[in-house]
Structures are given as structure tokens and as C-alpha cells.
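# What the coordinates show
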Amino acid sequence: MAALLAKQNDSPPFADHKDLHKVIDATQLGDVPWQGFLVQYLGEHPEDAPSWMDDEYDVWYRDPCLMAHNMLANPTYTNEIDYTPFHEYDAANNTRRWKDFMSGDWAWQQADEILKDPNTHGSAFIPIILGSDKTTVSVGTGNNEYYPLYASIGNVHNNVQCAHHDALIVIGSLAIPKTNRKDAKEDIFRNFCHQLFHHLLSAILASLRPGMTEYKVLRCRDGHFRRVIYGLGPYIADYEEQLVLSCTIKNWCPNHPFMNDFPHADIHQLLSFDLLHQLIKGTFKDHLVDWVVKYLRITHVRVAAAPSFPGLQQFHEGCDFRQWTGNDSKALMKVFIPAIEGHVPQDIVHAFCALLEFCFLVWHNIITEDTINQIEDALACFHRYHQIFETLGMVSHFSLPRQHSMVHYVDMIQLFTAPNGLCSSITESKHIKSVKDPWRWSSKNNALGQMLLCNQHLDNVAKLAEEVDLFPDDPRNPEDVPAATCPRHTGKLYVFISATATFYAPSDPSSVGGMQCEQIHACPLWQNVYPCNDCVFISTDMDLEGMVKCFFSFKYLGKKYPCVLIQWFDKIGDCPDKDTGMWMVWPGVLEDGSPNLSVIHIDTVYRAAHLMPVYGPNFIPHTLKFYHSYDAFRSFYVNRYADHHAFEIAS
């Protein structure tokens, strides 16, 4: 950069980092400064009062009303925002579908309430979606915890929310009272923490209250001025925090839950579903997986032999983790069914299949009436087959809140539409950008103020950034063209060890437009240890799978042809396996027993496919590594649970 500027006799745009920060601080577009106040316990003090009763607690927040204004004016969301509730129908069969938040019944009901009041009639409804979750940034150096409060507006489309495209922002940092272990168990301290939580939410959101009964006129990004009415929408929280929000706490009843301060707000209706904690961490990992480990009395090593796949976490030591994260549980979901098949009763396999079917269906970016029927069928199957765990003595009852939540998903989808836009995985992912990275960049001394300023800088910067076929006309099937009639190539071949596939997968983490990229490997020696050859789906026929042996290209008559050498897999049977619900394949061979290989154009490769070995009833040796699996086993499952896009392709 310096050399380029010297050639042009120019100077850099900023003298140093201080000059850069000065320009960022001077940015007025989208700038919402932080404000703060102190809170303190005002109840009775005993003679030997613990220190927390005398401590003052710092609370920082940004005006949520101004933050909502900025979102409505954000040019990024020009075509990704709905100003009015609506019901969406498929024109082909006149059936209902649920996708973005404003297409749900709850937003429609709120608009009906706005219409009843002559003072708000004709106003656009702006639902404020909230979320909060404690996060720890350092355990070994003081157990530093922070409690960010996030906000968004329900008008923004789900694809923007899922792409983490700054549609969810930090509007507050809640206080976390600290005390010793003995006092932390006392009811008076717990009651103070819970009531403090409700009081802080009410105080931080106070600027929204006037705009919930009297409209404000705002200029939106499309250039139109609109009357807007605010309202509290769903609250994204894990199970423990939902208990505090709904006041479902033993020996505690708050005098004034925070939603009592706002019109048309019922916390018991607005507690959002939570795919991460209710289904993935809760029902799948903490319940079913732990019950299977208890049944087998061993740490299952078959998951360590799962072949590699783009983006798939490897379990090199099996699934014996001391501490599980949400990503660990998501990765285990993808490989667990083939790993236990043959070692557990078939009803256990069926229970897992039904649960994963339920999870992948509710995670769709678009829910249709047909999807609703499939969700209800999967739930009924799960309830029928999970009785095996009680029969085997793994569990004495099923009064489990996280499992019970599954019965409410259909009603919640009809109220709030597709759950992927209201999942706590969105807030947990936001922790990295809003809390953990700013903490790492701070001096670690009184870090909170530096972290808040860093978030303000990041918001300002974001706002600134916004102002192969040789015979193309041949009608014959390529397999019918004799190789001898093709032109002979005597030039160079250019070999590559990987290629990038780009495809539309809006139900998975992707860009705002729903596009996703993944790297497909054909490396003869990955990390100087083992070959890495990924399997792929072929776009000309989704029933075809193959292993990439080599990526190469050549030139003929001045035109470049990118190609792939594929080893084909053949289907076993004409329907999926009845126990796992997955198709089974094995490596295809020719009449002479040699592998069935073909050269195809790279454009016919759709995306990566994940194959899981059919392990059978026998245990596998601990020395078997994941990169041995394609050679050690003869048949494989086409893993429909590798991700949501694969679930749609391989179902």
C-alpha cells in the first residue's frame, strides 16, 4: 500500500490509528452513544450484612428506540424488511406457508389491536425482539462474566438474522451481582438477582413505552415516511432464563415483572422456542445420548471413525467430553445414528431418527402445511419409540421440560413462523463479535468500558461501509459417445487438490441471499498424513453419488475445460434403510472388478455428500482412524443429517 501511494505521490488517508479512531468517533450516521446508571439493594440490612447489599452495580445501555430507527433506515435491509403483517400462501395449491416473522399469526393479531385504536389506526407495527444470555470470557483469570442484552426488530427477514448481518445488536450490559458461595445459596440474594433483572429490563426499554400507544413518524430506507407503533415481541432465552422471565421460580414471586410496564405484552406467550437448548443440547445430547451411553456402559468410539466432510467436526477420542458446547452437540447429531446402529435395540434407533427428523423439519427456512403434518408425524413417532428408554430402565419418567417443549412447536410456528430466526444460537454467535473479541482487544483492566466503546466503533464502521462439454450441441448421452471418436488431447493437464462449491442453502448458516460455499477436497496427502477425498452429489442426477479422485483441467482449441475424476457409488436396494431412513450405497465396479470411474465436467458437481459406514453389529478397533473408513468398510449410508441442505437432498 505504501509503495502504491508513493508512486501516485499521495498520502495515506489516516496519519495513525488515533486519527482513524477520531474519524470513526466523528461518524454521526447510526451512532447511538452508551448511557449508564447505578443500582443498589434498598431492602433491609441485617447487622452482619453481606457485601453485596452495600455494593453499587454499573448498568450500561443504548437507547433501544434509536437503535430501532437505525435498523429501519439501514440500506442493507432495503429489500429484506416487511412493514405490514401478512399471510403467505402457495399459489399452486393455496396452502399456507410460514417464513419471515411478519407472516405469523402473532404479528397479525397485534396489527388488529392497532387498528382498533383510532389514535394508532394505519400505523406500521415494529415488534422488538429481545435476547439475553450470560457469557464467560475468562475462567482461569478471574471468571469474568458479562451479561449482554440484545435487540432486533421482527420486520427484518429471517435470512438476515441467520446470516448474523448486524440485525441483532447489543443494547445493554446487565449487572451481575457477586457474592461468596454461602450467600449465593440464600433466597434473599437470589430474589435480589431476579428482581434486579426485571428492573433493569424495564428501565432500559423505557424509551420504547411512549411509542407503544402513540405513533411516531419515521423516514424508512425506501424513502417513505411511516407512522410506526412499537411492541415487545418474543424473548430469546435458554431454559434457566425463561424461568426467571416467566417468574416460575421456587420461593420467589416478583412484585413487578418487567412486561407489566408495557402494553399488550404477555411474557408467557412471548417466550420463544429455542432449537439450540431445547432440542440439540437438551433432548438430543443431555437426554437421549446420555441414556445410550448409560445403556452401552462405554464411550462410543464409532463416532471417531466417521469419515471427514467439509465443516464436520471430528471426534478423535469418541464422545467422552468433559464440557459440551452447542457446536459439539450439533456435530454429534450428524454422525450418531450410524454409530449406534447394530449396538442398540431398533426402537432406540427409531427414536433418534424421529427426533432428528423433527429437528431438521422445524429448522427449515420455509414451513408449509405439509411440513406441519410431517412435524406432527415425527413427534408422534418420537413419543412412541422413546418409551424404550423407560422399558430398559434408563429413565423413570418423561416429565422433562425440554422434551415437553416439542409439543408446542407447531403452535409457536403458526404464531412466530420459522424457528430459525428466533434461536438462541443467533445470540450465542453474537457473543463472539460483541463480547469475546472486544474483551480480547481490551487491556483487561476495567474492560467493560473499552468493550462498549469497541461495539460503538464497530457499529459506526458498519454504517460507513453501507453509505465441460466437448460436444455442446451433441444430443446423445455422453455414455453413448465412443471414446475413440473423441479428439485426442496430448497437451498438459493441470491438477488441483480442491475446489469450491457454491449452492443455495437458506436453512443452513449462509449469506443474506441464502448462498453457501464449501471446500471439496481431492488431496493425495492431507497434512502429510492421509489422503482426503470427499464424496459429492451430481447435479444432473441427485440419485448419483461419487468420490472425487482428482480435479484437473486442460485446454482444447483455446478453451479451458475443468474436469473431475469420479469413482461412482451404486445404490443398495430401491428404498432407504427402514431403520435409519438413509439410503445405502457401495463402491461401483465394472464387469472385470475394477472401480467404476468417469471423467465429468466440474459444473455437474453439486455439493459435497457425506457417507457414513454401515458398521454392523461388531465393535471396531480403537486403532481405526476416520481416514481409514472408506477403505475398511464395504457399504455406507448417505448421511441425510450432515446438514439441513443434505436432509432435503437425500430424503
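First, a word on what this report is: a plain description of the structure on this page.

Thresholds applied
- Residues numbered from 1 in each chain as written.
- Predicted model: local features only at pLDDT ≥ 70, side-chain atom pairs only at ≥ 80, totals over all residues.
- Heavy atoms only, no water.
- Helix = DSSP H or I, 4+ residues; strand = E, 2+ residues; numbered from the N terminus.
- Buried < 20%, exposed > 50% of the residue type's maximum accessible area, 1.4 Å probe, protein only.
- Areas by Shrake-Rupley, 256 points an atom, 1.4 Å probe, with all protein chains shown as cover.
- Phe/Tyr/Trp six-rings, centres within 6.5 Å; stacked < 30°, edge-to-face > 60°.
- Lys NZ or Arg CZ within 6 Å of the ring centre and 35° of its normal.
- Pairing = 2+ DSSP bridges.
- Axes fitted to C-alpha atoms, helices over the stretch in contact; angles between N-to-C directions.
- Contact = heavy atoms within 4.5 Å.
- Expected span 1.5 Å × (residues − 1).
- Salt bridge = Lys/Arg side-chain N within 4 Å of Asp/Glu carboxyl O.
- Core = buried A, V, L, I, M, F, W, Y, C linked by side-chain atoms within 4.5 Å.
- Patch = residues over 30% accessible without salt bridge, like charges linked within 9 Å, V, L, I, M, F, W, Y side chains within 5 Å.
- Lys, Arg positive; Asp, Glu negative; His and termini not counted.
- Charge placed at Lys NZ, Arg CZ, Asp CG, Glu CD.
- Polar contact = N/O pair within 3.5 Å; in protein donor to acceptor, adjacent residues only side chain to side chain.

### Some remarks on the overall build of the protein chain
Of regular secondary structure, the protein chain possesses 20 helices and 25 strands. Looking at the protein chain as a whole, 51% of its 651 residues qualify as buried. As presented, the protein chain carries roughly 31800 Å² of accessible surface, and 52% of it is formed by carbon and sulfur atoms.

### A short note on the packing of aromatic side chains
This model, assessed by the stated rule, comprises 31 aromatic pairs. Ring geometry for Phe 569 against Phe 636: centres 6.1 Å apart, planes inclined by 85°, an arrangement best described as edge-to-face. On the criterion of sequence distance, the pair formed by Phe 569 in strand β20 (residues 559-571) and Phe 636 in strand β25 (residues 636-638) is long-range, its members being 67 residues apart. Residue classification places Phe 569 among the buried residues on the basis of a relative accessible area of 6%. Taken together, the ring pairs connect Tyr 41, Trp 52, Tyr 57, Phe 189 and Phe 192 into an aromatic cluster. A cation over a ring is seen here: Lys 444 above Trp 439, with NZ or CZ 4.9 Å from the ring centre.

### Examining the sheet that holds strand β2 (residues 56-61)
Sheet strands associate in pairs through backbone hydrogen bonding, adopting either a parallel or an antiparallel arrangement. Spatial strand order, β1-β2-β9-β8-β5-β11-β10: seven strands in an open sheet with mixed pairing. Each edge of the open sheet is held by one strand with a lone partner, namely β1 (35-40) and β10 (216-219). Strand-to-strand, the axes of this sheet are offset by a mean angle of 35°, without reference to chain direction. Against the sheet, helix α17 (residues 424-441) makes contact with β5 (124-132), β8 (148-153), β9 (169-173) and β11 (225-236), and its axis sits at roughly 120° relative to β8, the strand it touches most.

### Comments concerning the sheet that holds strand β13 (residues 367-368)
What the three strands build is an open sheet, ordered β3-β4-β13; its pairing is antiparallel. The strands lining the two open edges of the sheet, one partner per strand, are β3 (88-90) and β13. Sheet topology note: the β3/strand β4 (residues 95-98) ladder contains three bridges and is antiparallel. Paired with Glu 88 across the bridge in β4 is Arg 97.

### Things to note about helix α12 (residues 346-362)
With 17 residues, α12 extends 24 Å from end C-alpha to end C-alpha; this agrees with the ideal 24 Å at 1.5 Å per step. Taken across its 17 residues, α12 has 14 buried, putting it largely inside the fold.

### As for helix α3 (residues 64-72)
When you tally the buried positions in α3, you get seven out of nine residues, the bulk of the element. Buried within α3 are the following residues: Pro 64, Cys 65, Met 67, Ala 68, Asn 70, Met 71 and Leu 72.

### Topic: unusual backbone geometry
The phi torsion at Asn 446 lies on the positive side, around 50°, for a residue other than glycine. Within the secondary structure, Asn 446 is located in the loop between α17 and α18 (447-466). The phi angle at Asn 528 is positive, at roughly 60°, despite the residue not being glycine. Turning to its location among the elements, Asn 528 is positioned in the loop between β16 (515-526) and β17 (530-533).

### Some remarks on the pattern of salt bridges
Once the charged atoms of two side chains with opposite charge are near each other, the side chains can pair. Inspection of the entire model under this criterion finds 12 salt bridges. Asp 579 serves as the salt-bridge partner of Lys 578, at 3.6 Å between the closest nitrogen and oxygen. Classification of Lys 578 as exposed rests on a relative accessible area of 72%. A relative accessible area of 12% places Asp 579 in the buried class. Several salt bridges share partner residues, and in doing so they unite Glu 518, Arg 607 and Asp 643 into one network.

### Describing the nonpolar core
In terms of nonpolar packing, the biggest core is built from 174 residues, with Tyr 230, Leu 232, Phe 352 and Phe 389 touching the most fellow members. Here this core takes 13 residues from α12, the largest share from any one element. Setting aside its immediate chain neighbours within four residues, Tyr 230 contacts Cys 65, Ala 68, His 69, Phe 125, Ile 126, Ile 128, Leu 208, Gly 211, Met 212, Lys 216 and Leu 218. Among the nonpolar cores identified, the runner-up in size contains 12 residues, and Trp 34, Val 137, Tyr 150 and Trp 439 belong to it.

### Remarks on a negative patch on the surface
Together, Asp 54, Asp 55, Glu 56 and Asp 58 make up a negatively charged patch on the protein surface. Residue position: Asp 58 is located in strand β2. Owing to a relative accessible area of 47%, Asp 58 belongs among the partly exposed residues under this scheme.

### A closer look at the side chain of Asn 420
Along the chain, Asn 420 falls in the loop between α16 (409-416) and α17. With relative accessibility at 4%, the residue Asn 420 sits in the buried group. Side chain to side chain, Asn 420 and Asn 158 meet in a polar contact 3.4 Å long. Beyond its immediate stretch of four places on either side in the chain, Asn 420 contacts Asn 158, Cys 162, Leu 275, Trp 363, His 364, Asn 365, Ile 426 and Pro 506.

### Some thoughts on the pairing of β9
For β9, the buried fraction is high: five of the five residues fall into the buried class. When β2 meets β9, the two strands line up antiparallel, connected through two bridges. Residue pairing for β9: Tyr 61 is matched across the bridge by Gly 172. As defined by bridge partners, β8 adjoins β9 across four bridges and the pair is classed as antiparallel. Within the sheet, the bridge partner assigned to Leu 149 lies in β9 and is Gly 172.

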